[in-house]
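If you want the building blocks of each chain, they are given just below.
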Amino acid sequence: MAPVYFVNYYIHNKDNDGWAYKVVGKYNDPDVAEKAYYGELENYVGGDVYDSVVVSLTDSMDHKLLSRYWTPHEQPEEQAEG
């Protein structure tokens, strides 16, 4: 049996302390699945709404092929000149 590929995410909304999670899609072609994986990263990483993002690409045999955890980098506070 050929593997099936799944893209999913877990995201945390920093404003309302809510979590969202979803299996975005099921794919038979690994290249299409990888493109979907990177598309989800582009959707959620780097924005102002979410402070924790996990996007994963797995297969039906429980292999984690790609996975990324992201949280915003803390910006240093500017020092007042004095």
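Structural notes, computed from the coordinates. Not measured: the values here are computed from a predicted model. (Residues numbered from 1 in each chain as written. Predicted model: local features only at pLDDT ≥ 70, side-chain atom pairs only at ≥ 80, totals over all residues. Heavy atoms only, no water.)

Side note on the nonpolar core
- Within the largest apolar cluster, 14 residues are counted, with the highest numbers of intra-cluster contacts made by V7, Y27, Y37, V53, V55 and L57.
- Going through the elements one at a time, β1 (5-13), α1 (30-44) and β3 (50-59) are the ones with two or more residues in this core.
- Tallying contributions element by element places α1 first for this core, with 5 residues.
- The contacts of Y37, once residues within four sequence positions are left out, are V7, V55, S56, L57, L66, S67 and R68. (Core = buried A, V, L, I, M, F, W, Y, C linked by side-chain atoms within 4.5 Å. Buried < 20%, exposed > 50% of the residue type's maximum accessible area, 1.4 Å probe, protein only. Helix = DSSP H or I, 4+ residues; strand = E, 2+ residues; numbered from the N terminus. Contact = heavy atoms within 4.5 Å.)

Structural notes on the environment of T58
- In this fold, T58 is placed in strand β3.
- Distance from T58 to P3, taken between C-alpha atoms, is 9.8 Å for residues 55 residues apart in sequence.
- Setting aside its immediate chain neighbours within four residues, T58 contacts V4, Y5, F6, N8, H63, K64 and L65.

Structural notes on the sheet that holds strand β2 (residues 18-27)
- Taken together, 4 strands build an open sheet; the order of strands is β2-β1-β3-β4 and the sheet is antiparallel. Each of the sheet's edge strands pairs with one partner strand only, and the pair in question is β2 and β4 (64-70). Between one strand axis and the next, the sheet turns by 10° as a mean value, whatever way the strands run.
- Of the strand pairs in this sheet, β3 and β4 are connected by 6 bridges, and their pairing is antiparallel. In the strand pairing of β4, V53 is matched with W70. (Pairing = 2+ DSSP bridges. Axes fitted to C-alpha atoms, helices over the stretch in contact; angles between N-to-C directions.)

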